[in-house]
Amino acid sequence: MEEFPGYLVNGLTLGAVYALIAVGYTMVYGIIRLINFAHGEIFMFGTFFGLIMVNKLGLDLGIALLIAMAGCVVIGVLLDWTAYLPLRRGKRVSDLLSTAGIIGMGSVTFGVFLLRQKQELDTPAGGILTALLFAAPAMLFAAAMLETMGLMGRPGRSLESGRMSALITAIGMSLTLQTIAMFIWTPYPYSFSESALPGWLNRRLPGVPVLGKELLVWIAALGLMGVLSLFVTYTRVGKAMRACSQDKDTAALMGINVNRIILLTFAIGSALAAVAGILYAVKVGGNISFRMGYYPGVIAFAAAVLGGIGNMKGACLGGLILGLTQSICSGYISSEYDFAFAFGAMILVILVRPWGLLGKPGAARA
Amino acid sequence: MIPKLDSPEKAWRLPAPGRAFPALFYGVPAAFIALFPLAAGFDSNLNNIILLIEIYMILALGLNVVVGFTGLLDLGYVMFFAVGAVFTCLCLVWTVDPGTGEWLFPVRKVETATGSHPMIFPSSFFAIMLLSGAICALLGVLRGIPTLRLSGDYYAIVTLGFAEIVFLFLLNEDWLSGGAFGITLNRDCMPVLFGKRMYWDTPQFYYSVTAVLALSVFVMIRMQDSRFGRGLAAIRLDETAAAACGVNVKAYKLAAFAASGFMGGVGGAFYAVWQQSVAVRSLEVWESILVLCCVVLGGMGSVRGVLLGTAILVLIGEAPRYELIGGVKVPPEARFLVYGVLIMLLMRFRPQGLLPLKPAGKPAGADEIARARATPSALFWLGERGAGRR
Amino acid sequence: MLKLEGVSKHFGGIKAVNRVDCAIEEGGITAVIGPNGAGKTTLFNAISGIYPPTEGSIRFGDEGFDITGVPAHRIARMGISRTFQTTRLFANLTVLDNVKIGFHPRTRAGFMGAILPLLAAREEREIRLAGLKCLDFVGLADEACKPAGGLAYGRQRLVEIARALAGSPRLLLLDEPAAGMNPSESERLMDLIRKIRFSDVTVALIEHDMRVVMGVSDYVYVLDHGEKICEGAPAEVGLDPRVIEAYLGCGS
């Protein structure tokens, strides 16, 4: 039993991180019923931003957190603006702009990549062939676009699978962001350099088996959650947000700009994800890579479901439960399967109680 | 431009949409695939790519049964693929020392009197393949039973969870799957077909993949227009109405899961032999996203679309590997960028896919209606018997 | 033909249907009427197995077979077909395919029939033939290969009736068949309902259009707030003070 306090502390820390990510999922899902798969990637981007601030620029961790939050807010808003907003409001001319955004995103990344490999691009034939290879899908879609524009106004485009389209878009966004990160920062894992971080992070608190960084995670999570819940409960915008998650059509009739509220949810969720990412990397002590967002992301979604999707307190509770499950099960049963336990817990929750611990039955049928 | 279906005159003459020129669509590629290696040799690079495309086509057709026909988003399809591949490798490498009766793993050189067969499992490839398919079908049913009630996002995320658990299991159980390094098949433990060992560059392998693919395509096309396929379509479009029409929703879903799993297992078996190895690490969930992209790109539910989508995506993904593009070495993950951007744009502008599934069927002409009116039928007799008892 | 005894359906605390007894006579046309939210559709859902009733029993056929809580697809196989209040056609399929799905209870080809086409070829031919006959019966054979979702609303209702008839039901439940139809369409609908009854199919319908109710039905049940408040021949029911109160709010 003497390991138990350690597992508990570890689980609570993980849980706090999951809770921070889960809030982003639950807010978005609560309003637009979309599993924002790319949320895990925002978490990853936030970590990389923090990494650059701390390791390369030598900034203080607190300032790095703030800048990463700002960076992720931008990414989150762009994400909604380019990928999800057009799906929600139907086709408009401005969509061409966001399409250009998506294509541009892809090509800029590829450009970055090519610059890295410049020496290998010496053969002109190689360059042309590469360009063609990556232009081919773009041309394909130019053709598809022309056709769709010709058929504009035809009903039945999303007759069958509007929600499925949104989910697949989210998966596509997740893939894209991951690959972009891989191109920019290479596929190899990084970690925060110990010397750049304040020393108290790895020191033990007197008398309790808690490291400074674990305390930091708890305080940050508690503080942010507190601020968020005050914001949602007492401010005008917060109330509008809750109204949207109850019924966004009625909210729109009441004069709430739903799309702006959704954008705001993305922004808030992304900011929290940035904090979660940096704290997670500080806690785990490395493994910052382009795939790092995937597991915490899916598990945080599970946490959101566990607590009752759309319910912020539920997300925190779910995060803590899954963090503890993962930590305790991997401690006592098998550490190689740590994520498998969290996945198992998720499956169980969805099968047995899909409306979550704090939700109401029938409120959130997928 | 596709003619609008709303105008009656055009609807009559519509060449059964989604089914125009089937001979051309299937015939030309089929002839090419059948004849190409005879000209270029079975060990050419292009031949290798064709094989990969074919294997992914089998996988994509299998996924299409659940995603396209039944309308459930399966994000964990890779688990069938992985289990099928690992199982096939195990069948081929596990062996028994004839002297001591001990199980040996991985295979060692076993000298026997006859000398040729180190395997104890059936060395016939088709036996292994069918067995692998059957195991995966069972797995599909087992996974399906608890998830029957789910649909939409929750189904997607639960299948993802199952796939992750299977993935972590295979990754961590070194004794079973070789762990992160995987299992490599020696030259002398490859399966036997028509008395010869199969490698990726042998005609037996090439034509057995092709034959299985052709069979799958045929079955899928037939399935769409069968009672079973219509039942699945009904489930996809409206589960309640389907049940009210007498469709046994649960049984049909389970059958679809089994069929899908079977195809996944078969694809995995081919993949293992094609690669002569299986590395679990490469069978992550993103691999099932790739197969999903193939299905989505072509058009969920449309067999032609799925085949086209697979061909396009595998070509895009494989081209860099074979250095077809000069000196630039693109890491294999680069294809995910293309896939990601591609499916995002697709969902925006053409969510139904490149060759979408359309309401189809042989149009009924006036003469056929007249004939139907005149012919008595055991299935429908209302109005025939005139006034009943009243 | 169909006997309901004390059937209730509760959703949480709401008693959508409360202890309703009724009997549907073989060979007749029975109408269920009542104001909005009276529990008519819930009653039909309980009969057709969309969800099981909270209490009570439902017996079907001369032998009084208990079908309480039997799943929907088996009820369809026993010979009860239904249509829905808001049409639930398979909008992306053709009209003929919709009807073909309706033949499910009466056909057999299963998974193997899908894989080995020869096994099911005869049945498929038969289904196509019968499907066209069925569409011809409701007067829609000309529209057989159009997407069902593209038809006018009134015609979609007819397709749904054809799909229900394809299962060769002994009892046909129609949920507001005349909703959204213009007078001439509902006139034709009444003809069709009579034609169905004369072909030995018992019909039960929910309807708001009193002309249709009075025009076709033999017997009427009136529900209000989940309870049966009146039953009888159409002419009598219209005079019953309880019915007038339910519809108009207060007895006069």
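Residues numbered from 1 in each chain as written. Chains lettered and ligands numbered in written order. Predicted model: local features only at pLDDT ≥ 70, side-chain atom pairs only at ≥ 80, totals over all residues. Heavy atoms only, no water.

Counting residues in hydrophobic clusters, the biggest one holds 252 residues, and the most contacted among them are Ile157(B) and Phe270(B). Apart from residues lying up to four places away in sequence, Phe270(B) is in contact with Ile55(B), Ile58(B), Phe125(B), Met129(B), Phe205(B), Ser208(B), Val209(B) and Val212(B). (Core = buried A, V, L, I, M, F, W, Y, C linked by side-chain atoms within 4.5 Å. Buried < 20%, exposed > 50% of the residue type's maximum accessible area, 1.4 Å probe, protein only. Contact = heavy atoms within 4.5 Å.)

Here the focus is the side chain of Arg236(B). Residue and element names in this part refer to chain B. With respect to the helices and strands, Arg236 occurs in helix H9 (residues 227-237). The exposure class of Arg236 is buried, given its relative accessible area of 17%. Separated by 3.2 Å, the side chain of Arg236 and the backbone oxygen of Phe69 make a polar contact. (Helix = DSSP H or I, 4+ residues; strand = E, 2+ residues; numbered from the N terminus. Polar contact = N/O pair within 3.5 Å; in protein donor to acceptor, adjacent residues only side chain to side chain.)

Residues and elements named next belong to chain C. Strand order in this open sheet of six strands is S6-S7-S8-S3-S9-S10, and the pairing throughout is mixed. For this open sheet the edge positions go to strand S6 (80-82) and strand S10 (227-232), each flanked by a neighbour on one side alone. Ignoring strand direction, the axes of neighbouring strands in this sheet form an average angle of 20°. Bridge count for strand S9 (residues 219-224) against S10 is five bridges, and the pairing is antiparallel. The partner of Val222 across the bridge, within S10, is Cys230. Of the strands in this sheet, S6 and strand S7 (171-175) touch helix H6 (residues 153-166), which is tilted by about 160° from S7. Relative to S10, helix H10 (residues 241-248) is tilted by about 130°, and along the sheet it contacts strand S3 (29-33), S9 and S10. (Pairing = 2+ DSSP bridges. Axes fitted to C-alpha atoms, helices over the stretch in contact; angles between N-to-C directions.)

Okay, a negative patch on the surface next. All names here are of chain C. Where like charges cluster on the molecular surface, the negative patch consists of Glu25, Glu26, Asp62, Glu63 and Asp200. Relative to the elements of secondary structure, Glu26 occurs in the loop between strand S2 (14-24) and S3. You can call Glu26 partly exposed: its relative accessible area is 30%. (Patch = residues over 30% accessible without salt bridge, like charges linked within 9 Å, V, L, I, M, F, W, Y side chains within 5 Å. Areas by Shrake-Rupley, 256 points an atom, 1.4 Å probe, with all protein chains shown as cover. Salt bridge = Lys/Arg side-chain N within 4 Å of Asp/Glu carboxyl O. Lys, Arg positive; Asp, Glu negative; His and termini not counted. Charge placed at Lys NZ, Arg CZ, Asp CG, Glu CD.)

Attention shifts here to the pattern of salt bridges. All names here are of chain C. Taken as a whole, this structure holds 18 salt bridges over all chains when the rule is applied. Close ionic contact of Arg194 with Asp191 constitutes a salt bridge, the shortest N to O distance being 3.2 Å. Of this pair, Arg194 and Asp191 both sit in helix H7 (residues 183-198), three residues apart, roughly one helical turn. Of the residues examined, Arg194 reaches a relative accessible area of 25% and is grouped as partly exposed. For Asp191, a relative accessible area of 44% puts it in the partly exposed group. For Asp240, the salt bridge identified is with Arg242, shortest N-O distance 3.1 Å. Overall, the relative accessible area of 48% leaves Arg242 in the partly exposed class.

Residue and element names in this part refer to chain B. Here Trp274 shows up in helix H11 (residues 249-275). Given a relative accessible area of 9%, Trp274 falls into the buried group. The spacing of Trp274 and Arg348 is 74 residues in sequence and 36 Å in space, taken between C-alpha atoms.

What follows concerns the interface of chain C and chain B. The interface of chain C with chain B comprises 59 residues on the first partner and 56 residues on the second. When chain C packs against chain B, close to 5200 Å² is buried across both sides, 63% of that on carbon and sulfur atoms. Broken down residue by residue, the surface that chain C buries against chain B is led by His104(C), Arg128(C) and Lys133(C), which jointly contribute 13%. Between Glu124(C) and Arg230(B) there is a salt bridge, and its shortest N-O distance comes to 3.2 Å. (Buried area = accessible area lost by both parts, 1.4 Å probe.)

Moving on to the sheet that holds strand S1 (residues 2-11) of chain C. Residue and element names in this part refer to chain C. In space, the four strands of this open sheet follow the order S2-S1-S4-S5, with antiparallel pairing throughout. This sheet does not close on itself; its edge strands, each paired only once, are S2 and strand S5 (65-66). Note that S1 and S2 share seven bridges and pair antiparallel. Each bridged residue has a counterpart across the sheet, and for Leu4 the counterpart in S2 is Cys22. Set on the sheet, helix H1 (residues 40-47) makes contact with S1, S2 and strand S4 (55-60); between it and S1 the angle comes to about 115°.

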